[in-house]
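# Close look at the chain arrangement
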Amino acid sequence: MLTASCSEPGTPPDTEIAAELRALRAVLVQQQKNSAGAQPTVPSVADRGQITTALQPLREVLDGLAESQRELHARQVTLTQEMQRWSQLLVETATGARQEEAKAMTQRLQQLEKTLQEQDKRHREVEALMQGALERTADRLEDFLRRVEGTVRREQPAVPAGTPANTAPIKNEAEPAPGSNGVPAGGSPQPATGGGEENESGSAGGVAAVHPPRQWSVYWWMLPFVLAASLGTAFLLRLRRLSNRSFVAAAARTGPEHVESPLTRDLDGVQEIWAAAALLSETVDRLKQTSASQVKPPSPPPPVAAAADGVDLAEVSVLGDDRSKRVVPPAPAAPEPAAAKPVQETATTKPAQEPAATRPAPARAGLGTANPPRNTAVRCRIPGAGAQAQGELLRLLADDPRVLRRPEPVMTTTTTAVEVAFDVLPGLPASERSQIEQRLRDAVS
Amino acid sequence: MDHSPDLPLIVVIPRPERGGSVRLQPGGCELVLESVRGGYALLWSDGRTSRRFALGLLDEGRLTLELRAPRLPVRVITRDVISLVPGGRLRGYLQVPLVPSLVWHRDGGPPSILIELPPRELAAEWDDREGHSFRCPSSLHARFPMRSNEPCAVVPVVLSNPSTTVASPPHIPLQLRDAELSELRSTVVVKPRRLRWVGERFAMDAPRDGVPVQP
C-alpha cells in the first residue's frame, strides 16, 4: 500500500476506486459467463498457489525432520558397525582364553547398551516432534481454510485481474511457526488494488455493498475441496509413514538395498541398531554363561543313551567296567577266518582218525545270528561278589587251562551277585566244572 | 617215595603204601600220590597253582601218568614270522605241548582217563566256524633235538608254497594223535607234517612213515 501510494502520488483516490470497481465488475461479468457454461472442477492458479503456500510450513518441517533423520541415520550406521565389530570380537574372545579382554569388552558393551537406550529415547522424541508438527500443520491448514473462505469472499473480484492480491491477507494473518519461514514478506508482490487487510474495514464495506450475496455462493465448493485436500495430505503422510515401516520390515527380511526413501533408510538404521543390540545382549549372555560354566562343577552325563537302548543302567556300567577290567589273553596274530580253514582242511583229511567227541563243531552262521547252545558253557551265580572281585574272577578263569579263552568269560553284575558265564573244554567231567565254579566262589568269599 | 625226573610217554605210578606217597615231576609240574585212609589223594602243582584230587582205586589194575596228544586240533602260532616266496620251501621243528593224563588201566579192559592236566600253553578256544581247538605258541626250530623241560611233542614240518603269491601264514594247523607219539633221543616226536600253501591257508599232506625228516 505504501509502495503503491508512493509510486503514484498524483493519482486521486476517487479515480482509483472507480477504476477498481470497473475492473471488479468486468471480472464478475466474466465469471458469471464462465459459471453459466460449466463449473470448473480444478482450482485456479491462485488457489493452487494458496494451497502451496499453506502447505509450505509442513513441507519445511518435513524437510527439517528428514535432514535430522539423515544425520541420525549416519550416526546409527556408524554405531551399528562399531557394535558389530565389538560383537565379533566378543564372540571370538568368549571362545578363547583372554578373559581380561573379555571383561573390558563387557564393560564397553554395557556402555554401548546405555548409548543405545539414549538413542532410543531420542528417536522417540523425534517421533513426538513429528507428531506435534503434523498436528500443528493440520491446525494451520484449518485456519488457512477458514481464512481462505473469508478472503475469497472478500477478494474474489480482484483475482481475475491477474494481480497477486490474494497473497497479502495470508501474509498478514498467517502466523508463521517458530523456525519456519512462512510466507516471505518482501518477495510477495503488493496488491495493485490496494485492498489488503489494513484497508479491510474501509474497502470491504464498499465491496460488500457492490457484490450481491448470491455471488459468494459460487465458491462454496472451495471449502470441501480444501478440506478434502488437507485430509488427503494428512492421509498421504500417514500412508507414507506406514509404508516406510513396512519397507523397514521388508528390508529386515530382504536386505537394505530395497529401501528407497530416506525415512525408510532411517527406520532401517533403527532396526539395525535394535538387531545389533539383540546380538550384543546375546553375546553378553554367552559370556555370562561361559563364566558360570567355568565356576560350576561338570554336570553328570545324561542317561539318555542308556535309556534309549533299553538296557539297564547298572548293566551298562558294569559291562563297561568289565571291559576295562577284563583280562584279555594275548591276541594271536592270525586272523580268525584264515586260521579256521586249515584246521578244517586237516580235519577233512583224516576224519577217521579222530574220535567223534573231538571233532569240531559244525560251522555256524555268521554275524547277527545267535550262537547255538554249547554243552561246554557254564553259568554260575556268585552272590556277594562286588566290582573288586570281578578282576580276581577273571584272573582265575584266564589262568585255568580248562576254560576256553574264546569266547571270553562274561560277567554280569546285579545288585546282589555276579553272574559268570564261560566255556570249558569239551568232555570235561562235571566234577571239574563244579570245581571251577567252587574256585570262583572261594575266590570271592 | 619215588622220584622220576625223565619225561617218558608212559609212567606207571606205583601204589604207595598206606601213609606213603609217590612223587613224580613230569616237566615243570609236580605230582604226588598219597595213600590216605579210605583212598588215595593226588596233589598236582605246576608252580603257580595246585589241585588236589581224591581217587578211589581198586587193587586190581594200574595207574599210569601218560603224555597224550591234545584231543583238539592245534593252531601253532610261530614266534617267528614265516614268509614263503612262490615255490619256496621251509623246514623246521615245532613243539606242541602234551597233556599229562592220569590213566587207569583195568585188567582186561580199556584204559580210562581219570584226570587230564592240560598245560597253560594250550589255550582252548571255540570258534563259530571250526568249533573247539587249541592254540599254542612255538618257535620254528632248525635243529633237533631241542631241550625242553615241558612235556611237549616235536613236530617236524615242511612248508611249501606252490602258489604264485607270497605265503605268510598266520598259524600252522596241526592235528596230533596218541598213536603217532614216539620217543626219540629223549624227546617225544611225531611223524613229519608236509603242508602246502593253497592260498590263505595250509593243506596238509599225508604224513610220511618213519623217523622225522632231517632238515
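Up top is the structure these notes are about.
Residues numbered from 1 in each chain as written. Chains lettered and ligands numbered in written order. Predicted model: local features only at pLDDT ≥ 70, side-chain atom pairs only at ≥ 80, totals over all residues. Heavy atoms only, no water.

## A short note on the overall build of chain A
Rule in force here: To qualify as a helix, a DSSP run of H or I must reach at least 4 residues; to qualify as a strand, a run of E must reach at least 2; elements of each kind are numbered from the N terminus. Burial classes follow relative accessibility: with a 1.4 Å probe on protein chains only, a residue under 20% of its type's maximum area counts as buried, one over 50% as exposed, and anything between as partly exposed. Whether two residues touch is decided by their heavy atoms; if any such pair falls within 4.5 Å, the residues are in contact. Each accessible area is a Shrake-Rupley estimate made with a 1.4 Å probe; only the visible protein chains count as cover when residues are assessed.
A tally of regular secondary structure across chain A gives 13 helices and three strands. Within chain A, the proportion of its 445 residues that are buried is 33%. Intrachain contacts of chain A at a sequence separation of at least 6 include 73% that bridge at least 24 residues. For chain A, the computed accessible surface area is about 26,500 Å², with 58% contributed by carbon and sulfur atoms.

## Quick word on the overall build of chain B
In terms of helices and strands, chain B carries zero helices and 18 strands. Evaluated residue by residue, chain B yields a buried proportion of 54% over its 215 residues. Carbon and sulfur atoms provide 48% of the accessible area of chain B, an area that totals close to 10,000 Å².

## Things to note about the sheet that holds strand β9 (residues 99-105) of chain B
Residue and element names in this part refer to chain B. Convention followed: Note on pairing: two strands pair once DSSP finds at least 2 bridges between them. Only the contacting stretch of a helix is used when fitting its axis, a line to C-alpha atoms as for every element, and angles between N-to-C directions run 0 to 180 degrees.
Strand order in the open sheet formed by four strands is β1-β6-β9-β10, with antiparallel pairing between adjacent strands. Two strands bound the open sheet, and with one partner strand each, they are β1 (10-13) and β10 (112-116). Between one strand axis and the next, the sheet turns by 30° as a mean value, whatever way the strands run. The pairing of β9 with β10 spans four bridges and is classified as antiparallel. Bridge pairing in β10 places L102 opposite I115.

## Regarding a nonpolar patch on the surface
Heads up, the rule is: Each patch is built from residues that are more than 30% exposed by relative accessible area and take part in no salt bridge. Like charges join if they lie within 9 Å; nonpolar side chains (Val, Leu, Ile, Met, Phe, Trp, Tyr) join within 5 Å. The term salt bridge refers to a side-chain nitrogen of Lys or Arg lying within 4 Å of a carboxyl oxygen of Asp or Glu.
The grouping of A:F235, A:L236 and A:L239 at the surface amounts to a nonpolar patch, some 310 Å² of accessible area in total. Among the structural elements, A:F235 can be located in helix α7 (residues 222-254).

## Here's the deal with the nonpolar core
Residues and elements named next belong to chain B. Rules: Joining through side-chain atoms within 4.5 Å is the link that ties buried Ala, Val, Leu, Ile, Met, Phe, Trp, Tyr and Cys residues into a set, and such a set is a nonpolar core.
V76, L94, V155, L159, I172, L174 and L181 are the most contacted members of the largest nonpolar core, which totals 35 residues. Listing elements by their share of this core, those giving two or more residues are β7 (74-78), β8 (89-97), β11 (123-127), β12 (131-138), β13 (152-160), β14 (172-174), β17 (193-197) and β18 (202-204). Counting residues per element, this core draws most heavily on β13, at four residues. Apart from residues lying up to four places away in sequence, V76 is in contact with L94, V96, C136, S138, H171, I172 and L174.

## Considering the sheet that holds strand β3 (residues 417-423) of chain A
Residue and element names in this part refer to chain A. Strand order in the open sheet formed by three strands is β1-β3-β2, with antiparallel pairing between adjacent strands. Edge strands, defined here as strands with exactly one partner in the open sheet, are β1 (377-383) and β2 (410-413). Neighbour to neighbour, the strand axes of the sheet diverge by 15° on average, direction disregarded. Along the sheet, helix α12 (residues 387-399) makes contact with β1, β2 and β3, crossing β2 at roughly 160°. Helix α13 (residues 430-444) rests against β1 and β3 of the sheet, and its axis sits at about 25° to β1.

## A closer look at the environment of A:T414
Residue and element names in this part refer to chain A. Its location among the elements puts T414 in the loop between β2 and β3. T414 gets classed as partly exposed once you look at its relative accessible area, which sits at 33%. Taking the C-alpha atoms as reference points, T414 and A385, 29 residues apart in sequence, are found 9.4 Å from one another.

## A few points about the pairing of β7(B)
Residue and element names in this part refer to chain B. Counted residue by residue, β7 has five buried out of five residues, so it is predominantly covered. Relative to β12, β7 is paired through five bridges, and the arrangement is parallel. Counted as the bridge partner of T78 is S138 from β12. Judged from the three bridges that link them, β7 and β14 form a sheet pairing that is antiparallel. Bridged to R75 within β14 is P173.

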